[in-house]
Each structure stands twice: as structure tokens, then as C-alpha cells.
Amino acid sequence: MFSTLPHLPPALLSMTQQDRLVHSINLEGEPGSGRRQLAMALAGAILCEKQGGEMCGQCLPCRKVLAGAHSDITLVDGREDPERFKVDLLRELRAGAYRGPSEGRAKVYIIAEAQLLPPVSQNILLKVIEEPPPDTFFIFTCDNKFRLLPTILSRVVTVPLRQLTVAECQQRLRQRVPDRTDEEYREAALLACGSPGEGEKILSQPQAAKRARAARELVAAMAARDPYRAMAAATPFEKERPVYGELLETASRLCALPELRQELALSPAGAAGIRARLARAAERNRQNGYLPLLTSALAAQAARLRN
């Protein structure tokens, strides 16, 4: 369920207003750039009864999109549910794309985190995005378009997304989550790396806030070359592998944030060094590495980093 969805950027709005929307779109942006919410907003624009370029928010299809209950939208998120990116399930999805919409004017498939699609799975989708049914749309989201096969890229239109600044995100959070202090809005916008959706979670979900603060503490500890502080930040999250992965991913995004680098007096080269070590830890986590050992390795590397 969504309280609000973002406005379409000019490139997409021009396509929808002039009825020139292609059937396969790829939204490319850093984690936290709002790719998934924008994909849903685009799906709403496609299904809206008024067809004014963006979803009106008032008609029945728009209300169903906001409620997460429109039967003609299929969301497949490879990070939340990796099983959905397996070959057999994608074959079923491909077959379903050739059946008409059940209640609306079109069917929309959102393939979130498409960079996680194995090559064999991407090839399964190739034919249907090359020659899609006239009433079917595919919206891919990814962090780097070059992690998709060239054959896929040649058949989609990629729209790069600009990430909000911390100040812009802070302003949006004021509208979405009222009655918080200036410091709470600023902290949430910073920890969310400019993503209003993530910021809303941080302001409303204690566990999300705890993980985001720990990620910031992990980056600060590595920037300060303090191995004990780094270990203290990461150790509480070793009980659950997915949560540990989210901690590392959030810490990596924070390293790229100019506002935090300035706050920690961290040079771009120093931030790149931390991100490289976090990326190695994330890869070993995906390979089912022993989490206390990964934490120990990160802590040991913190002492050898340069700012």
C-alpha cells in the first residue's frame, strides 16, 4: 500500500502525455533513488482512466494501484523473493503476458532489481519484450543497466533517475510523515540517502531506524579506522543473513553520500575504499559466509584503511 507515489520525471511524462510510451522501460538508479515507487507510479499512469499523463489518484484503477490491489499489475522483486527469478516461474510469467488484462486497459509487469536476473532468466524474457502484446508493458528497475544483457538493453528504453538531495528528501518527508522535529527529518533523510520511501520507514519503523543508524556507525567506524567500533556496529545483525546484507548495502550507499562524507571528513578515495570492502563482505554474505568471520574481517580491514 502506498500513501502517495512520486511524479513522473520529464522524460517519462512526455512519453505518457503524447501516447508514445514504449512497451519496455528500464528505470536505472542507485539504491534509494525511488525506482520501485516510480515504477508503480508509471504503472498507475498506464492504467489511469483519465489518461492525463500521470495517475489522477481519484479513479478506481488509481485507488487500486495506491492500495496495492490492482490485478493487472504483477510485481516481481528479485531481492525480496529470489525464487521469482528462477526459470520455471519466469516461463509462467511470460505465458501470462500473452493473456489479456483482467480488469483494466493494460497489463503491467514490474521486474524490480533486474540486475539480479541470471542470464538464462533474462533470455526467457527476451522474446516477450521484443514482440510484446499490444496491451502489455514491462517496467524493469536496476542499479546499473550494464548488468543487463546487451540483447535486453537493445530492446528497452533506459531512463536514468536522479537521486534526491538530503534537503529535498527532508522536505518530502515533512509532507509524508507530519509532526516530527527538524532533526528527526534530517537524520531520516540522511540515513535514507535521499530516498523518501526509506526515510518514511526510518521514521515509522524502529527496526529500520536501528539498522540505518548501525550502518552509519559502521561507516564512521571504518572512516575512523576503529576496528572495535566497527565490530560493535555489525555484530548485533549477525543473527539473520538478509538483515546483515541490508546493513552492508545501506552502509555502502551512505559512503556515496556527499553530506555524510563531509560530516566524517572522508575523501572520495577513502569512501571508495570502504565501499570496496563492504562489497566484498556482501558477496561473501551471498555465498553463505560465516557472519561473525565477515564482521571480524571488516573490523580488521578498518584499521588498514586510508581516509
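Structure: see above.
Given the structure is predicted, the values throughout are model-derived calculations rather than measurements.

An account of helix α12 (residues 241-255) is needed here, citing residue identities and associated values.
Every α-helix carries 3.6 residues per turn, so stepping three or four residues along brings you back to the same face. Between its terminal C-alpha atoms α12 stretches 21 Å, which fits the 21 Å expected from 15 residues at 1.5 Å a residue. Of the residues making up α12, those classed as buried are Y244, G245, L247, L248, T250, A251, S252, R253, L254 and C255.

So what about the sheet that holds strand β3 (residues 107-112)? Which residues, and what values?
Strand order in the open sheet made by the five strands is β2-β3-β4-β1-β5, with parallel pairing throughout. Strands at the two margins of the open sheet, each flanked by one partner only, are β2 (73-77) and β5 (157-160). On average, each strand axis in the sheet is inclined to that of its neighbour by 20°, with strand direction left out of account. Alignment of β3 against strand β4 (residues 136-142), held across five bridges, turns out to be parallel. Along β4, the bridge assignment pairs K107 with T136.

Tell me about the side chain of N26, and please be specific about residues and values.
Counting through the fold element by element, N26 comes out in strand β1 (residues 24-28). The exposure class of N26 is buried, given its relative accessible area of 0%. Discounting residues that sit within four places of it in the chain, N26 has contacts with F140, T141, C142, K145, L148, L153, V156, V157, T158 and V159.

Please give an account of the layout of surface pockets that cites residues and values.
In this structure, the second largest pocket occupies an estimated 800 Å³ of space. In terms of lining residues, the second largest pocket is bounded by 30 residues, among which L5, P6, H7, L8 and R172 are the most central. Listing elements by their share of the lining of the second largest pocket, those giving two or more residues are α2 (35-47), α7 (166-176) and α9 (196-204). The element contributing the most residues to the lining of the second largest pocket is α2, with four residues. The residue makeup of the lining of the second largest pocket, split by class, is 15 nonpolar, eleven polar and four charged.

Provide a residue-level description of the pattern of salt bridges, including the pertinent values.
With the rule as written, the count across this model stands at 21 salt bridges. Between R174 and D182 there is a salt bridge whose closest N-O contact spans 3.0 Å. Of the residues examined, R174 reaches a relative accessible area of 30% and is grouped as partly exposed. Taking relative accessible area as the criterion, D182 reaches 49% and is therefore assigned partly exposed. A salt bridge links E263 to R186; the nearest nitrogen and oxygen atoms lie 3.9 Å apart.

Thresholds applied
Residues numbered from 1 in each chain as written. Predicted model: local features only at pLDDT ≥ 70, side-chain atom pairs only at ≥ 80, totals over all residues. Heavy atoms only, no water. Helix = DSSP H or I, 4+ residues; strand = E, 2+ residues; numbered from the N terminus. Expected span 1.5 Å × (residues − 1). Buried < 20%, exposed > 50% of the residue type's maximum accessible area, 1.4 Å probe, protein only. Pairing = 2+ DSSP bridges. Axes fitted to C-alpha atoms, helices over the stretch in contact; angles between N-to-C directions. Contact = heavy atoms within 4.5 Å. 1 Å grid on protein atoms, 1.4 Å probe; cavity = no way out; pocket = protein on both sides within 12 Å on 5 of 7 lines; lining within 4 Å. Points joined across faces, edges and corners; volume = space filled by probe spheres on them. Nonpolar A, V, L, I, M, F, W, Y, C, P; charged D, E, K, R; others polar. Salt bridge = Lys/Arg side-chain N within 4 Å of Asp/Glu carboxyl O.

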